[in-house]
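What follows is the residue order along each chain.
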Amino acid sequence: MAGDGGPVTLRGIADRLGLHVSTVSRVLNGPSGEQGRAASGETARRIRELADELGYRPNPHATSLRTRRSNLVGVLFPRLSEIVVATIYEGVEEEATLRGLSTFVTNTHDDPGTQRERIGMVLGRRVDGLIIGDAHLDGAALADPALDGTPFVLVNRRTDTGHPAVTCDDPLGGRLVAEHFLALGHRRVAVIAGEPFAGTGTDRTTGFTDRYREAGLPLPAHRVRHCRFDTAGGHRAAVELLSGPDRPTAIFGRCRRPSR
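Thresholds, definitions, all that
- Residues numbered from 1 in each chain as written.
- Predicted model: local features only at pLDDT ≥ 70, side-chain atom pairs only at ≥ 80, totals over all residues.
- Heavy atoms only, no water.
- Helix = DSSP H or I, 4+ residues; strand = E, 2+ residues; numbered from the N terminus.
- Buried < 20%, exposed > 50% of the residue type's maximum accessible area, 1.4 Å probe, protein only.
- Contact = heavy atoms within 4.5 Å.
- Phe/Tyr/Trp six-rings, centres within 6.5 Å; stacked < 30°, edge-to-face > 60°.
- Lys NZ or Arg CZ within 6 Å of the ring centre and 35° of its normal.
- Pairing = 2+ DSSP bridges.
- Right-handed = clockwise from strand over helix to strand, strands pointing away.
- Axes fitted to C-alpha atoms, helices over the stretch in contact; angles between N-to-C directions.
- pLDDT = per-residue confidence, 0-100.
- Parallel < 35°, antiparallel > 145°, perpendicular 65-115°, else oblique.
- Left-handed = near helix turned anticlockwise from the far one by under 90°.
- Nonpolar A, V, L, I, M, F, W, Y, C, P; charged D, E, K, R; others polar.

(A) Focus on the overall build of the protein chain. A tally of helices and strands in the protein chain yields 10 helices and 8 strands. Taking all 260 residues of the protein chain together, the buried fraction comes to 42%. When contacts within the protein chain are restricted to residue pairs at least 6 apart in sequence, those whose partners lie at least 24 apart make up 61%.

Given below as structure tokens:
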């Protein structure tokens, strides 16, 4: 116990209160939805007050050994400097916390070699699952045998290989932009489409170009420019589009400014 300089344990708290150690464990370490059912309100209050007084801190390694679960979720993103990605991660973290889970995030910079390396690093921490926000359409990095047996879900991007993914309706998003441009009278338009390996870039571009084709205004290939998802890539693509003889009157841009 704390008084003799040793670590504060669940057993010590249970002995002080005359309770079974499993009751103390469920109150202090159980999932948030179960903690309120582990003991009566008064008993749970006494357990938490004594734990706070003694400075008890859960030992995640001991819990992992006992339950064979780490309660840890790994998250992969290209880069957290993108405001959309950072916002998604905030939501992931908030929901995980409500369910008694912890998360950690790593950036891959959309490089396939780095993706495989980071997936290996994340799995090495014995996570209970992964949330992957940097998927390429070919799904190559997800074919790693090391992923076998570890649940994962894609977010923000999809693959062509059928892995479960949580995404926006990207084709509809591109189509709505096209509808807006057409309503404004823009007939000569262009697209800064982002990286061709990303489902967000290809699907929104497809929705946009399909709507213009339906309107009898198909976009020539030179008015669809792929580039990196960053300020420099978007700027370079825009300069190329605006400097040519076939200058568009409107551009659908798929690149984002980094957050500050």
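Back to the write-up after that little detour.
(B) The packing of aromatic side chains, seen in detail. Enumeration over the complete set of coordinates arrives at 3 aromatic pairs. Note on F181 and F208: the rings are 5.8 Å apart at their centroids and 85 degrees apart in plane angle, and the pair reads as edge-to-face. Of the two residues, F181 is situated in helix α8 (residues 170–183) and F208 in helix α9 (residues 199–214); the sequence distance between them amounts to 27 residues. Among the residues examined, F208 registers a relative accessible area of 0% and is labelled buried. Ring geometry for F208 against F252: centres 5.1 Å apart, planes inclined by 35 degrees, an arrangement best described as tilted. Taken as a pair, F208 in helix α9 and F252 in strand β8 (residues 250–253) lie far apart in primary sequence, 44 residues in all. Its relative accessible area of 10% is what places F252 among the buried residues. If you follow R125 out to its NZ or CZ, it ends over the ring of F104, 4.1 Å from the centre.

(C) Main features of the pairing of strand β2 (residues 102–107). Pairing of strand β1 (residues 72–77) with β2, which is carried by 6 bridges, proceeds in the parallel orientation. Counted as the bridge partner of V75 is V105 from β2. Traced from β1 through helix α6 (residues 83–98) to β2, the parallel crossover comes out right-handed.

(D) Region of the structure containing the sheet that holds strand β3 (residues 129–132). Taken in spatial order, the 5 strands of this open sheet run β2-β1-β3-β4-β5, and their pairing is parallel. Two strands close off the open sheet at either side, each with one partner strand: β2 and β5 (165–166). Against the sheet, helix α7 (residues 112–124) engages β1, β2 and β3, with an angle of about 155 degrees to β2.

(E) How the structure looks around the confidence of the model for the protein chain. When pLDDT is averaged along the protein chain, the result is 85, and 87% of the positions lie at 70 or above. For the protein chain, the element scoring lowest by mean pLDDT is helix α5 (residues 60–67), at 51; α8 scores highest, at 97.

(F) Seen up close, the packing of helix α1 (residues 10–17) against helix α4 (residues 41–54). Between α1 and α4, the shortest axis-to-axis distance is 10 Å and the interhelical angle comes to 125 degrees. Between α1 and α4, the angle falls in the class oblique. Handedness of the α1/α4 crossing: right-handed. Only R46, I47, L50, A51, E53 and L54 of α4 make contact with α1, whose side of the interface consists of I13, R16 and L17. In the contact of α1 with α4, the residues fall into 6 nonpolar, no polar and 3 charged.

(G) Layout of the pairing of β8. On β8, burial follows the alternation: A250 and F252 on one face are buried, whereas I251 and G253 on the facing-out side are not. Pairing between strand β6 (residues 189–194) and β8: 4 bridges, direction parallel. Residue pairing across strands places A190 opposite I251, the latter belonging to β8.

(H) Structural context of the side chain of Q115. Summarising the element assignment, Q115 is placed in helix α7. Given a relative accessible area of 3%, Q115 falls into the buried group. Ignoring any residue separated from it by four or fewer positions in sequence, one finds Q115 in contact with L76, T108, D110, D134, H136 and A141.

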